[in-house]
Amino acid sequence: WARDERLEEGMDAIRTVARLGRAARERMKVRVRQPLRTLQAFIPVRDISAELIGVLKEELNIKEVQFLQRSEDLVALRAHPNFRAMGKRFGAKTQEAAARVRDLASDALRRFREGAPLRIEVGGEMFDLASDEVDVREGPRGELVVESDAGYTVALDPHIDDAWRMEG
């Protein structure tokens, strides 16, 4: 028996994208019979055939599929302070430190996840934050509905205009 490993890898990727797409639709409370314009995805597999993309479009009732080079195009990172850990270190200045943590840029948080130091200024003094002082969470960019799992990130636009509603 001859195996087409490229096809198998592509089909596994499409199954994962479809599962995440269905989860995003569920969160949006939009049934599959309602067509949607675009699905955007970041996936670790680079070579997906047009036939498999067609299967995905049909499975999710999507008109267009866009594969992105970076998941950062779909999600933004946000920092949430861990008050228990920060309170021990910053004492009376914990609220100021927490405000600085919430203001941290997504790029700085991405580098922090990769091992780079994360610094804030509190009371005119610079502090390196410990990993237990900050909780870094992913959130969708804009109004997209995003689902992620195992290196895959899928986003659906929740807007349905009257023409799309009538088609559904």
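All values derive from a computational prediction rather than experimental measurement.

Draft legend 1. Structural detail: the environment of L7. Relative to the elements of secondary structure, L7 occurs in helix α1 (residues 5-28). Its relative accessible area of 44% is what places L7 among the partly exposed residues. In the structure, L7 is positioned 45 residues away from L52 in sequence and 8.6 Å away in space, judged by C-alpha atoms.

Draft legend 2. Examining the pairing of strand β7 (residues 145-149) more closely. Note: β7 against strand β8 (residues 152-156), 5 bridges, orientation antiparallel. The residue bridging D149 from the neighbouring strand is Y152, located in β8. Joining the antiparallel neighbours β7 and β8 is a turn of 2 residues, in which A150 adopts a positive phi near 50°.

Draft legend 3. Expanded view of the pairing of strand β2 (residues 62-67). Two elements, strand β1 (residues 36-42) and β2, share 5 bridges in a ladder whose sense is parallel. Residue T38 lies in a different strand from β2, and its bridge partner there is E64. Handedness of the β1-helix α2 (residues 50-60)-β2 crossover: right-handed.

Draft legend 4. Quick look at the packing of aromatic side chains. Using the criterion set out here, one finds 1 aromatic pair in the structure. Taking the centre distance of 4.9 Å and the plane angle of 75° together, the rings of F90 and F127 count as edge-to-face. Residue F90 is found in helix α3 (residues 83-90), and its partner F127 is found in strand β5 (residues 125-128); the two are separated by 37 residues along the sequence.

Analysis parameters
Residues numbered from 1 in each chain as written. Predicted model: local features only at pLDDT ≥ 70, side-chain atom pairs only at ≥ 80, totals over all residues. Heavy atoms only, no water. Helix = DSSP H or I, 4+ residues; strand = E, 2+ residues; numbered from the N terminus. Buried < 20%, exposed > 50% of the residue type's maximum accessible area, 1.4 Å probe, protein only. Pairing = 2+ DSSP bridges. Right-handed = clockwise from strand over helix to strand, strands pointing away. Phe/Tyr/Trp six-rings, centres within 6.5 Å; stacked < 30°, edge-to-face > 60°.

Treat this as a map of the structure, not an account of what it does.
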